[in-house]
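Architecture at a glance
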Amino acid sequence: MKLRCVLSGNLCSKNLFPPHSIQKLCGKVSLTGTCRYPFDNAGDAKVAGNMSAAAQNNFRRRDAFTLIELLVVISIIGVLMAMLLPAVQMVREAARRTSCANNMRQIVVATLNYESALKQLPPASLFPVVDGDGVALADNATRNGWSAQVMLLPYLEEVNLSSKIDFKVGYKEHPPIDIGGELKGVASFRIPTYLCPSEVNDRERIATDNIYYPINYGWNAGPWFVFDPNSKTGGPGTFAINQSTRLNSITDGTSQTLLFAEVKAFNPYFRNADHSAPLAIPNSPDEIPILGGDFKSNSGHTEWVDGRVHQAGFTATFPPNTKVLVTDTDGQIYD
């Protein structure tokens, strides 16, 4: 038995549905209705009668994506994301750098406010005069001195913390402080203004004797010589050890003199080289390891309360970002 198909609706005269192809599927074909072009949106043709399901599928329009089309779209989205993510990271880093610069500005303003109030800059390190038991220290001992950054706290809206610090005692012997119901050592407090948002080591350093928090802004200790503990004399830096500097003593002019600079937290350094004679300023970074001393691989600039130069200051011996490479006994290279 032959199938009989009746096609009604809008058939086009462009032979999109030629009669001979329909006859192969349905046999005898009867065409009714008028032919209009283009087709309307309601449907191109209505197939009625005794047509098989397979034949009807041949006239059904397909609207779904193919797998290849889907993969192409996914690939395009991936390329756009790869182009967009670096731009987002650049914007975020620019915001962090702006915040770092703003921290520096606040520290400098706080230093000038300190000078305006006391007519002098804070000492780079303020030595304690008594030990933890209140006993006077002999010869004004040089250990555990408070950094200039600690003395700037009242001018950085940290009065609640600074008002509870007893500067007569060294920071290691200082009793814990209660801030907002939390009892902790002074050295472990995190001061947001002293940390750059780009610092990857924004974390505590847990030592055997204390818990410390790092710092990213150090005071200017001069080009090389910092302090002689025997004569108690300091170098030509903007900040002096256990004594204050007046602005009128800065002969180069304040606009030509550094106050603070950014420093790297968890920095390697040498200390306690014990040279009796004065040392000349090195001409090359390669001369630094030759001077010897105790090598510390990652604890420099990790104690914001400590007034020693390797913790709260810097020297201008070499230009900024100069690599001073040191090979440790285990063969690892540090900068």
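Above this note sits the structure.
Residues numbered from 1 in each chain as written. Predicted model: local features only at pLDDT ≥ 70, side-chain atom pairs only at ≥ 80, totals over all residues. Heavy atoms only, no water.

Secondary structure summary: the protein chain contains six helices and 18 strands in total. Within the span of the protein chain, comprising 335 residues, buried residues form 34% of the whole. Put simply, the protein chain shows about 20300 Å² of open surface, and 55% of that area lies on carbon and sulfur atoms. (Helix = DSSP H or I, 4+ residues; strand = E, 2+ residues; numbered from the N terminus. Buried < 20%, exposed > 50% of the residue type's maximum accessible area, 1.4 Å probe, protein only. Areas by Shrake-Rupley, 256 points an atom, 1.4 Å probe, with all protein chains shown as cover.)

With the rule as written, the count across this model stands at nine salt bridges. Residue K172 pairs with D209 through a salt bridge whose shortest N-O separation is 2.9 Å. With K172 in the loop between α5 (159–162) and β6 (177–179) and D209 in the loop between β8 (205–206) and β9 (211–212), this residue pair connects regions lying 37 residues apart in the sequence. For D209, a relative accessible area of 44% translates into the label partly exposed. (Salt bridge = Lys/Arg side-chain N within 4 Å of Asp/Glu carboxyl O.)

The next point concerns the state of the cysteines. Going through the model one piece at a time under the given rule, you end up with one disulfide. The disulfide partner of C100 is C196, and the S-S distance across this bridge is 1.5 Å. Looking along the S-S bond of the C100-C196 disulfide, the torsion reads about 65 degrees, which is the right-handed sense. In this pair, C100 sits in helix α3 (residues 67–118) while C196 sits in the loop between β7 (182–184) and β8, placing the two residues 96 residues apart along the sequence. (Disulfide = S-S within 2.5 Å.)

In this structure the tally under the stated criterion is nine aromatic pairs. Arranged with centres 5.1 Å apart and planes meeting at 50 degrees, the rings of F270 and F295 form a pair that is tilted. In this pair, F270 is assigned in strand β14 (residues 267–271) and F295 in strand β15 (residues 294–300), connecting sequence segments 25 residues apart. For F270, a relative accessible area of 26% corresponds to the partly exposed category. For the cation-ring pair, K184 lies above F189, with the distance from its terminal atom to the ring centre recorded as 4.9 Å. The ring of F266 is capped by R203, whose NZ or CZ atom sits 4.1 Å from the centre of that ring. (Phe/Tyr/Trp six-rings, centres within 6.5 Å; stacked < 30°, edge-to-face > 60°. Lys NZ or Arg CZ within 6 Å of the ring centre and 35° of its normal.)

Next up on the list: the pairing of strand β10 (residues 217–220). Pairing between β10 and strand β13 (residues 260–262): three bridges, direction antiparallel. Note on β13: the bridge partner recorded for W219 is F260. (Pairing = 2+ DSSP bridges.)

With that settled, consider the nonpolar core. The nonpolar side chains of soluble globular proteins are, as a tendency, buried together. In this structure, Y194, W219 and W304 are the most contacted members of the largest nonpolar core, which totals 42 residues. Sort the elements by how many residues they give to this core and α3 lands first, with five residues. (Core = buried A, V, L, I, M, F, W, Y, C linked by side-chain atoms within 4.5 Å.)

The next thing to look at is the side chain of H310. Relative to the assigned elements, H310 resides in helix α6 (residues 309–312). Excluding residues that lie within four positions of it along the chain, H310 makes contacts with Y269, R271, G300 and H301. (Contact = heavy atoms within 4.5 Å.)

Attention shifts here to the sheet that holds β10. Taking strand neighbours across the sheet as the criterion, the three strands line up as β13-β10-β16 in an open arrangement whose pairing is mixed. Here the strands that pair on one side only, and so sit at the sheet edges, are β13 and β16 (313–314).

On the surface, I68, V72, I76, V79, L80 and M83 cluster together into a nonpolar patch covering about 610 Å² of accessible area. With respect to the helices and strands, the residue I68 is situated in helix α3. For I68, a relative accessible area of 62% translates into the label exposed. (Patch = residues over 30% accessible without salt bridge, like charges linked within 9 Å, V, L, I, M, F, W, Y side chains within 5 Å.)

This part is about α3. End to end, α3 covers 76 Å across 52 residues, agreeing with the expected 76 Å (1.5 Å per residue, within 8%). Of the residues making up α3, those classed as buried are C100, N103, M104, I107, A110, T111, Y114 and E115. The secondary structure elements touched by the buried residues of α3 are α4 (148–151), β10 and β13. Where α3 ends, the next residue or the one after it, K119, has phi of about 65 degrees, a positive value. (Expected span 1.5 Å × (residues − 1).)

Our focus in this paragraph is the side chain of S162. Relative to the helices and strands, S162 resides in helix α5. Polar contacts involving the side chain of S162 include one to the main-chain carbonyl oxygen of V159, which spans 3.3 Å. The residues touching S162, leaving out its near neighbours within four places in the chain, are L153 and P154. (Polar contact = N/O pair within 3.5 Å; in protein donor to acceptor, adjacent residues only side chain to side chain.)

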